[in-house]
Amino acid sequence: MRRAGSSFVERQGEYHQNGPDMTTFKSDFLNVLQSRGLVHQISDPQGLDEACAKGIVTAYVGYDATATSLHIGNLISVTMLHWFQETGHRPITLMGGGTSMVGDPSFRDDQRSLLTPETIDNNIQGIKKIFARMLSYQEGPTGALMVNNADWLLKLNYIEFLRDVGRHFSVNRMLSFDSVKLRLDRDQSLSFLEFNYMIMQGYDFVELNRRYGCTLQMGGSDQWGNIINGVDLSHRMGGPQLYAVTTPLLTTASGAKMGKTAKGAVWLNGDLFSPYDFWQYFRNTEDADVGKFLKIFTRLPLTEIARLEALGGAEINEAKKILATEATAIVHGRDAALAAMETARQTFEEGAIAQSLPTLDIARADLDAGIGVLGLFVKAGFVASNGEARRQIKSGGLRINDTPVTDEKMTLGAAHLTPEGVIKLSMGKKKHVLLRPS
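Now for a look at the structure at hand. (Residues numbered from 1 in each chain as written. Predicted model: local features only at pLDDT ≥ 70, side-chain atom pairs only at ≥ 80, totals over all residues. Heavy atoms only, no water.)

1. Focus: the overall build of the protein chain
- Per the secondary structure count, the protein chain includes 20 helices and 15 strands.
- In the protein chain, which comprises 438 residues, the proportion classed as buried is 50%.
- Across the protein chain, contacts joining residues at least 24 apart in sequence account for 71% of those joining residues at least 6 apart.
- As displayed, the protein chain has an accessible area near 20,000 Å², and 49% of this comes from carbon and sulfur atoms. (Helix = DSSP H or I, 4+ residues; strand = E, 2+ residues; numbered from the N terminus. Buried < 20%, exposed > 50% of the residue type's maximum accessible area, 1.4 Å probe, protein only. Contact = heavy atoms within 4.5 Å. Areas by Shrake-Rupley, 256 points an atom, 1.4 Å probe, with all protein chains shown as cover.)

Written as structure tokens, this is what we have:
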């Protein structure tokens with residue numbers, strides 16, 4: 001974090017830079033975000049820049065507890081909080097213990113399933129695990145805070161809340177938000193419960209300002225309308241000027257939305273998505289995305305990123321390995337990242353069966369009886385159906401213990417176990433899983 005008498009750039013090296021097309025801000029924070037491609041919209045660029053340059057600002061990002069882990073899309077907003085703290089400010093991670101009971105309807109086709117308080121509390125405990133590696137919660141003026149909006153939302157008197165807060169919201173304006181219009185244009189129901197979500201989120205911002213002096217809310221571009229509601233609510237209730245910053249929707253060079261794999265979402269907790277799978281996810285980055293992802297998902301200086309981005313031919317694979325290792329180290333720790341890198345090296349460069357590859361447990365009795373190869377590749381998440389597995393076999397894409405599968409009726413049994421006591425399933429050069437009898 002910031003030390004007196006030295007700028008962020010002087011202390012950390014060239015972590016941000018401004019080119020001819022970029023706005024030069026007074027504050028280190030906005031310069032870092034801008035140069036790393038993390039800015040989509042700012043509600044009052046000049047006002048926020050002056051506030052961040054003048055002294056310590058407090059900002060928050062909210063996380064609803066809809067699962068036991070955050071996913072890779074959330075990693076971008078946590079990264080914003082990291083740079084916010086690193087440039088001398090105080091971040092708040094807001095747990096949505098209250099808002100999770102309603103569910104954010106933004107850009108969804110239907111209503112979220114309603115969660116019980118017990119499920120929400122359990123999810124929050126899982127989500128908390130990721131923040132310790134990325135933020136410092138030590139005491140001090142820039143020490144991060146973890147807050148739960150259940151502390152005030154669950155205590156509200158409904159009639160008083162409608163009179164004091166609800167009267168400041170225009171239904172006409174709320175209906176104009178893209179997140180709402182998209183739902184209504186498709187003739188899909190938007191419940192009154194969900195309609196209240198944006199009021200609750202706006203009130204969160206005002207309440208955090210009252211309690212902690214928070215003046216900035218950050219989030220993804222899909223949250224712009226909800227965040228601006230809070231900015232406007234503070235103004236209408238006679239509060240101070242609040243600010244909003246959002247990040248762009250992250251897509252790959254091929255236009256795909258980032259964060260989905262054959263196995264599902266890219267979770268940040270290792271029990272849902274292993275450090276090795278996380279490493280491999282970034283190792284498989286498209287060439288055109290390497291520079292962009294290095295800026296967003298690592299803390300390398302931009303001068304080093306520019307060097308890596310300029311690599312061509314086979315050398316770009318070395319940049320991808322660095323990207324994978326640095327991103328994995330941030331989320332899972334340096335030791336886990338190096339272990340994942342070593343597993344990949346053994347698997348791809350030496351052809352060895354690395355014991356730290358992802359595993360799939362199978363019943364020993366089922367293995368002794370014989371298991372069809374098509375279903376196993378579906379179960380491993382490599383293909384979506386038996387038909388797709390057959391097509392992969394015909395093209396030579398599936399292997400058992402590094403031997404191509406040629407017979408779609410093949411069954412695996414105990415005889416296929418390696419000396420390490422596993423069976424290695426592979427698709428292509430980069431997807432591997434170990435079957436382990438239990």
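Don't stop here, the text continues.
2. Side note on the pairing of strand S15 (residues 431–437)
- Looking at chain direction, strand S9 (residues 359–362) and S15 are connected through 4 bridges and run parallel. Bridging across to S15, Leu-360 finds its partner in Leu-435.
- Across 5 bridges, the pairing between strand S14 (residues 423–427) and S15 is antiparallel. Note that in S15 the partner of Met-427 across the bridge is Lys-431. (Pairing = 2+ DSSP bridges.)

3. Topic: the pattern of salt bridges
- One pass over the structure, following the stated rule, counts 11 salt bridges.
- A salt bridge links Arg-210 to Glu-207; the nearest nitrogen and oxygen atoms lie 3.6 Å apart. Separated by 3 residues within a single helix, Arg-210 and Glu-207 lie in helix H11 (residues 197–212), roughly one turn from each other.
- The exposed category is assigned to Arg-210, whose relative accessible area is 53%.
- One salt bridge in this structure joins Glu-326 and Arg-334, with 3.0 Å as the shortest N-O distance.
- For Glu-326, a relative accessible area of 19% gives the class buried.
- Overlapping salt bridges bring together Glu-207, Arg-210 and Arg-211 as one network. (Salt bridge = Lys/Arg side-chain N within 4 Å of Asp/Glu carboxyl O.)

4. A closer look at the side chain of Arg-90
- Within the secondary structure, Arg-90 is located in strand S3 (residues 90–96).
- Of the buried charged residues, Arg-90 lacks a salt bridge, with Glu-139 as the closest side chain of opposite charge at 11 Å.
- Here Tyr-212 takes part through its backbone oxygen, which lies 2.5 Å from a polar atom of the side chain of Arg-90.
- Look past the residues within four positions of Arg-90 in its chain and what remains in contact with it is Ile-56, Val-57, Thr-58, Ala-59, Phe-84, Pro-141, Thr-142, Gly-143, Leu-145 and Tyr-212. (Lys, Arg positive; Asp, Glu negative; His and termini not counted. Polar contact = N/O pair within 3.5 Å; in protein donor to acceptor, adjacent residues only side chain to side chain.)

5. Examining the nonpolar core
- In this structure, Phe-131, Leu-216, Met-218, Phe-278, Phe-282 and Phe-297 are the most contacted members of the largest nonpolar core, which totals 67 residues.
- Residue contributions to this core peak at 8 residues, all from helix H4 (residues 72–86).
- If sequence neighbours within four positions are ignored, Phe-131 has contacts with Tyr-63, Leu-70, Val-78, Thr-93, Met-95, Tyr-137 and Met-146.
- One finds Met-198, Ile-199, Ile-227 and Val-231 within the second-largest nonpolar core, a separate group that totals 27 residues. (Core = buried A, V, L, I, M, F, W, Y, C linked by side-chain atoms within 4.5 Å.)

6. What about helix H13 (residues 275–283)?
- Of all the 9 residues making up H13, 8 are buried; the element is thus mostly covered by neighbouring parts of the structure.
- Inspection of H13 places Tyr-276, Asp-277, Phe-278, Trp-279, Gln-280, Tyr-281, Phe-282 and Arg-283 among the buried residues, and these make up the whole buried set.

7. Remarks on the packing of aromatic side chains
- One pass over the full model with this rule turns up 8 aromatic pairs.
- Summarising the aromatic geometry, the rings of Tyr-281 and Phe-282 are spaced 5.5 Å apart at their centres and angled 90 degrees between planes, so their arrangement reads as edge-to-face.
- Judged by relative accessible area, Tyr-281 falls into the buried class, the value being 17%.
- By relative accessible area, Phe-282 is classed as buried at 0%.
- Taken together, the ring pairs in this structure connect Phe-278, Tyr-281, Phe-282, Phe-293 and Phe-297 into an aromatic cluster. (Phe/Tyr/Trp six-rings, centres within 6.5 Å; stacked < 30°, edge-to-face > 60°.)

8. Points about the environment of Arg-236
- Among the secondary structure elements, Arg-236 is positioned in helix H12 (residues 224–236).
- The spatial distance from the C-alpha of Arg-236 to the C-alpha of Phe-169 is 9.4 Å, given a sequence separation of 67 residues.

9. Concerning the packing of H13 against helix H16 (residues 316–332)
- Remark: H13 packs on H16, axes separated minimally by 8 Å, with the N-to-C direction vectors making an angle of 140 degrees. For the pair H13 and H16, the crossing hand works out as right-handed. Residues Pro-275, Phe-278, Trp-279, Phe-282 and Arg-283 of H13 pack against Asn-317, Lys-320, Lys-321, Leu-323, Ala-324, Thr-325, Ala-327, Thr-328, Val-331 and His-332 of H16.
- Classifying every residue of the contact of H13 with H16 by side-chain character gives 8 nonpolar, 4 polar and 3 charged. (Axes fitted to C-alpha atoms, helices over the stretch in contact; angles between N-to-C directions. Left-handed = near helix turned anticlockwise from the far one by under 90°. Nonpolar A, V, L, I, M, F, W, Y, C, P; charged D, E, K, R; others polar.)

10. Regarding unusual backbone geometry
- Backbone geometry places Asn-401, a non-glycine residue, at a positive phi of 50 degrees.
- Looking at where Asn-401 falls in the secondary structure, it is placed in the loop between strand S11 (398–400) and strand S12 (403–404).
- Judged by relative accessible area, Asn-401 falls into the partly exposed class, the value being 23%.
- Although it is not a glycine, Asp-402 adopts a positive phi angle of roughly 70 degrees.
- Topologically, Asp-402 is positioned in the loop between S11 and S12.

11. Digging into the packing of H11 against H12
- Packing of H11 against H12 brings their axes to within 8 Å, and their N-to-C directions diverge by 55 degrees. By the angle between their directions, the pair H11 and H12 is classed as oblique. As H11 packs across H12, the resulting crossing turns out to be right-handed. In contact with Tyr-197, Met-198, Gln-201, Gly-202, Tyr-203, Phe-205 and Val-206 of H11, H12 contributes Asn-226, Ile-227, Asn-229, Gly-230, Val-231, Leu-233 and Ser-234.
- A breakdown of the residues in the contact of H11 with H12 according to their chemical character gives 8 nonpolar, 6 polar and no charged. (Parallel < 35°, antiparallel > 145°, perpendicular 65-115°, else oblique.)

The values reported here are purely geometric and, on their own, carry no functional implication.
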